[in-house]
Every structure is written in structure tokens, then in C-alpha cells.
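Listed here are the chains, written in short residue letters.
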Amino acid sequence: SEPPALQVLADDDRAGRAISVVFSQRIRPGEEETFRKWHKEIVTAQSTFPGYLGTETFPPTPGLQKEWVDIVRFDSVENLEGWMNSETR
């Protein structure tokens, strides 16, 4: 697998707004099942952190995108940073 790409999406006016982080990662052929197992575990772990709002997952689409893409939402920058800086992650 290639190292994942990461983008944090926030509005300038963050008061009362969710914050999202977008992860994208290409998986080597033949490693898809290992990735799916890990992915399920990591989403389960995310869901236990304060402020977690949800994860949307977009698998590769032939001819359109080669990466797995996750959009992970938290209710605040602080809670997102709690997840991002955790030993669990």
C-alpha cells in the first residue's frame, strides 16, 4: 500500500460545525481483504472517540478513482485532534 493522503476540511467559522478529515489510500492488488479487515477495525475504533459523528467510505471505482477514500467527521477540531493524535490511530 502507498502512504495515505490526508486533508482536513474546516470552515473559517467553526463554531457549532462539524470538521471532516479525508483519507485516501491506494491498496496493492491482492491486499484488498487485509485492508477491508483493518478498515473495519479502524472505523470501529474511531466510533469510540468523543465527538465522532460518522465515516463515509468510497471504495475504488474502475475508470474513476483508484483509491479508497474515507470522510471522517467529528464535532470539533479538539475531538478530531484527539483521534488523530491517539495511540489507537
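Scroll up a little and you will see the structure.
This report concerns the structure included in the present document. (Residues numbered from 1 in each chain as written. Predicted model: local features only at pLDDT ≥ 70, side-chain atom pairs only at ≥ 80, totals over all residues. Heavy atoms only, no water.)

## Quick word on helix H2 (residues 77–84)
Definition in use: Using a 1.4 Å probe on the protein chains alone, a residue whose accessible area is under 20% of its type maximum counts as buried, one over 50% counts as exposed, and one in between counts as partly exposed. Runs of E in the DSSP output that reach at least two residues are strands. Runs of H or I that reach at least four are helices, and both are numbered from the N terminus. Here the arc refers to the set of directions running from the helix axis out to each C-beta atom.
Where H2 is concerned, the buried positions are Val77, Leu80, Trp83 and Met84. Considered in projection along H2, the buried side chains sweep an arc of 120° and stay on one side of the axis.

## What to know about the side chain of Asp70
Going by this rule: Positive charges come from Lys and Arg, negative ones from Asp and Glu, while His and the chain ends are left out of the count. The term salt bridge refers to a side-chain nitrogen of Lys or Arg lying within 4 Å of a carboxyl oxygen of Asp or Glu. In the analysis that follows, any N or O atom pair within 3.5 Å is treated as a polar contact, provided that within protein one partner can donate a hydrogen and the other can accept it, and provided that, for residues neighboring in sequence, both atoms belong to side chains.
You can see Asp70 is positioned in strand S4 (residues 68–74). Although Asp70 is buried, it makes no salt bridge; Arg89 carries the closest opposite charge, 10.0 Å away. Of note is the side chain of Asp70, whose polar atom sits 2.6 Å from the side chain of His39.

## Brief notes about the environment of His39
Residue placement: His39 occurs in helix H1 (residues 32–46). Exposure remark for His39: the relative accessible area of 11% places this residue in the buried category. Through-space distance from the C-alpha of His39 to that of Thr57 is 9.6 Å; in sequence the pair is 18 residues apart.

## Some remarks on the layout of surface pockets
Quick reminder of the rule: A pocket here means an open set of points on a 1 Å grid, computed over the protein atoms alone, that has protein on both sides within 12 Å along at least five of seven lines. A cavity is instead a set of points where a 1.4 Å probe fits but cannot get out; residues with an atom within 4 Å of a point line either one. Grid points are joined across faces, edges and corners, and a volume is the space filled by probe spheres set on the points. The residue classification treats Ala, Val, Leu, Ile, Met, Phe, Trp, Tyr, Cys and Pro as nonpolar and Asp, Glu, Lys and Arg as charged. All others, Gly included, are polar.
Its volume calculated, the largest pocket comes out at about 230 Å³. As for the largest pocket, its lining consists of 14 residues, of which Phe23, Gln25, Trp38, Ile42 and Asp70 are closest to the centre. Looking at the lining of the largest pocket, the elements with two or more residues in it are strand S2 (19–25), H1 and S4. Here the lining of the largest pocket takes 5 residues from H1, the largest share from any one element. Of the residues belonging to the lining of the largest pocket, the class tally is 8 nonpolar, 4 polar and 2 charged.

## Section: the nonpolar core
Note the cut-off: By nonpolar core is meant a set of buried Ala, Val, Leu, Ile, Met, Phe, Trp, Tyr and Cys residues that side-chain atoms within 4.5 Å join together.
Among the nonpolar cores identified, the biggest contains 13 residues, and Val72, Phe74, Leu80 and Trp83 are the most heavily contacted of them. Elements that contribute at least two residues to this core include exactly S2, H1, S4 and H2. Here this core takes 4 residues from H2, the largest share from any one element.

## Side note on the pattern of salt bridges
In total, this model carries 3 salt bridges according to the counting rule given. One salt bridge in this structure joins Arg28 and Glu31, with 3.9 Å as the shortest N-O distance. Looking at Arg28, the relative accessible area reads 49%, which means it is partly exposed. On the accessibility criterion, Glu31 (31% relative accessible area) is partly exposed. One salt bridge in this structure joins Arg73 and Glu56, with 2.7 Å as the shortest N-O distance. Highlighted residues: Arg73 in strand S4 and Glu56 in strand S3 (residues 52–58), separated in sequence by 17 residues.

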